[in-house]
Amino acid sequence: MKIRSVLLCAALAVLGTLTTVVPASADGISTYYLTFRTGNLPNADTEDAVRVTMFGTEGKSDPMQIDRDFRRGETWTSGPHKHPSFGTIGYISLGKGGRESDAWYSEYVDIHEEATGRVYHCAVNEWFPQESLTRFYACV
């Protein structure tokens, strides 16, 4: 009886360390929501389109262009975006166009994967210049 208890406790400990990846649906399509935070600094807003691409352990998204004004101090969520699952998101590319000739200060992009409930935080905390520019940021 004591051996069974020890084995059961060991099995539960191992199971507790495993992470399960749950697809959003049987067809492997996941739903993502992207939250953008623009800094609350003078002239931090932009009227330029913003582009983001997600990179994961099982693939990457196509570049997504967000055509809207990003206002100073604003937190805004885009979605739902349906894509094949990318696995664990490791980083993003984030960029802004250069058409409007204004800079943009991005604090972060959060990616919420609906099926797993996982939120990936991609800290940016950088100014994007007036011209078009794309940079890469790690997500945790």
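Residues numbered from 1 in each chain as written. Predicted model: local features only at pLDDT ≥ 70, side-chain atom pairs only at ≥ 80, totals over all residues. Heavy atoms only, no water.

Caption draft 1: Main features of the overall build of the protein. What the protein contains, in helices and strands, is 1 helix and 9 strands. Overall, the protein shows an N-to-C arrangement of helices and strands of α-β-β-β-β-β-β-β-β-β. Buried residues in the protein amount to 37% of all 140 residues. Pairs at least 24 residues apart make up 69% of the contacts formed inside the protein by residues separated by at least 6 positions. Working note: accessible area of the protein is about 8,100 Å², and carbon and sulfur atoms make up 55% of it. (Helix = DSSP H or I, 4+ residues; strand = E, 2+ residues; numbered from the N terminus. Buried < 20%, exposed > 50% of the residue type's maximum accessible area, 1.4 Å probe, protein only. Contact = heavy atoms within 4.5 Å. Areas by Shrake-Rupley, 256 points an atom, 1.4 Å probe, with all protein chains shown as cover.)

Caption draft 2: Looking closely at the side chain of His-83. By the secondary structure assignment, His-83 is in strand β5 (residues 75–84). Contacts of His-83, omitting those with residues within four sequence positions, involve Gly-28, Ile-29, Ser-30, Tyr-32, Met-54, Ser-61 and Met-64.

Caption draft 3: How the structure looks around the confidence of the model for the protein. Of the residues in the protein, 81% have a pLDDT of 70 or more, and the chain-wide mean is 84. The low-confidence segment residues 3–25 (pLDDT under 50) makes 8 contacts with residues lying over four places distant or belonging to another chain. (pLDDT = per-residue confidence, 0-100.)

Caption draft 4: Structural view of the state of the cysteines. Tallied over the entire structure, the rule returns 1 disulfide. Paired through a disulfide, Cys-122 and Cys-139 show a sulfur-sulfur distance of 2.1 Å. On the S-S bond that ties Cys-122 to Cys-139, the torsion sits near 100°, and the link is right-handed. Of this pair, Cys-122 sits in strand β8 (residues 118–128) while Cys-139 sits in the segment after β9 (133–138); the two residues are 17 residues apart in sequence, bridging distant segments of the chain. Assessed through its relative accessible area of 9%, Cys-139 is described here as buried. (Disulfide = S-S within 2.5 Å.)

Caption draft 5: Looking closely at the packing of aromatic side chains. Counted under the stated rule, the structure contains 11 aromatic pairs. Arranged with centres 5.4 Å apart and planes meeting at 35°, the rings of Trp-104 and Phe-128 form a pair that is tilted. With Trp-104 in strand β7 (residues 104–113) and Phe-128 in strand β8, this residue pair connects regions lying 24 residues apart in the sequence. In this structure Trp-104 comes out as buried when scored by relative accessible area, which is 0%. The ring of Phe-70 is capped by Arg-68, whose NZ or CZ atom sits 5.4 Å from the centre of that ring. Over the aromatic face of Phe-128 sits the side chain of Arg-135, whose NZ or CZ is 5.4 Å from the ring centroid. (Phe/Tyr/Trp six-rings, centres within 6.5 Å; stacked < 30°, edge-to-face > 60°. Lys NZ or Arg CZ within 6 Å of the ring centre and 35° of its normal.)

Caption draft 6: Representation of the nonpolar core within the structure. Counting residues in each nonpolar core, the largest one holds 22 residues, and the members touching the most others are Leu-34, Phe-36, Met-54, Ile-89, Ile-92, Leu-94 and Ile-111. Secondary-structure elements contributing two or more residues to this core are β1 (29–38), β2 (50–56), β4 (64–66), β6 (89–96), β7 and β8. It is β8 that contributes the most residues to this core, 4 residues altogether. If we skip the residues at most four places from it in the chain, Leu-34 touches Val-52, Met-54, Met-64, Trp-76, Thr-77, Ser-78, His-81, Asp-110 and Ile-111. (Core = buried A, V, L, I, M, F, W, Y, C linked by side-chain atoms within 4.5 Å.)

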